[in-house]
Amino acid sequence: QVHLVESGGGQVRAGGTLRLSCATSTTSGRIFSDYAMAWFRQAPGQEREFVAAVSRNGRQTFYAAFSEGRFTISRDNAKNTAHLQMNSLKSEDTAVYYCAAVLGIYYLDPAMYDAWGQGTQVTVSA
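None of these values were measured; they are calculated from a predicted model.

Reading the values: the criteria
Residues numbered from 1 in each chain as written. Predicted model: local features only at pLDDT ≥ 70, side-chain atom pairs only at ≥ 80, totals over all residues. Heavy atoms only, no water. Helix = DSSP H or I, 4+ residues; strand = E, 2+ residues; numbered from the N terminus. Rg over C-alpha atoms; globule rule 2.2 N^0.38 Å. Buried < 20%, exposed > 50% of the residue type's maximum accessible area, 1.4 Å probe, protein only. Contact = heavy atoms within 4.5 Å. Pairing = 2+ DSSP bridges. Axes fitted to C-alpha atoms, helices over the stretch in contact; angles between N-to-C directions.

(A) Representation of the overall build of the protein chain within the structure. The secondary structure content of the protein chain amounts to zero helices and eleven strands. Starting at the N terminus and walking to the C terminus, you meet the elements of the protein chain as β-β-β-β-β-β-β-β-β-β-β. The globule rule puts the C-alpha radius of gyration for 126 residues at 14 Å, and the 14 Å found for the protein chain is close to it. C-alpha extents for the protein chain along the principal axes are approximately 45 × 25 × 25 Å. For the protein chain, buried positions account for 41% of its 126 residues. Sequence separation of 24 or more characterises 57% of the internal contacts of the protein chain that already satisfy a separation of 6 or more.

Written as structure tokens, this is what we have:
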């Protein structure tokens, strides 16, 4: 099993940057690199949506159309952490951001993920 804790959210103006982090701990013989990692977000009244994902070894990444070119997902398997660097933020990026973990390969469907963090609020003002 894996436990996830996000940090790094906050309030910024449009055009600003934030770097989200997801610290993990594992049990039951699992290690961090067993898991593909992803970030999702959920705005009030909206469904949870895929933002970006990274493969177990960090070599493959995938982005939603709205995040590609502005956001960068990464992971450090030595430190058991994942990150989401967000640049050129827009007001429509305002949401609670969640990191998620799944054994094996990543998916775009949040229902496929095994574990979730508690979320971190990102607020972008115009």
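(B) How the structure looks around the sheet that holds strand β3 (residues 18-26). The strand order β1-β3-β8-β7 describes an open sheet built from four strands, whose pairing is antiparallel. Looking at strand neighbours, the two that pair on one side only are β1 (2-7) and β7 (71-76), the edges of this open sheet. On average, adjacent strands in this sheet sit at an angle of 15 degrees to one another, irrespective of strand direction. Pairing analysis gives six bridges linking β1 to β3, with the strands arranged antiparallel. From the neighbouring strand, E6 faces β3, where its bridge partner is C22.

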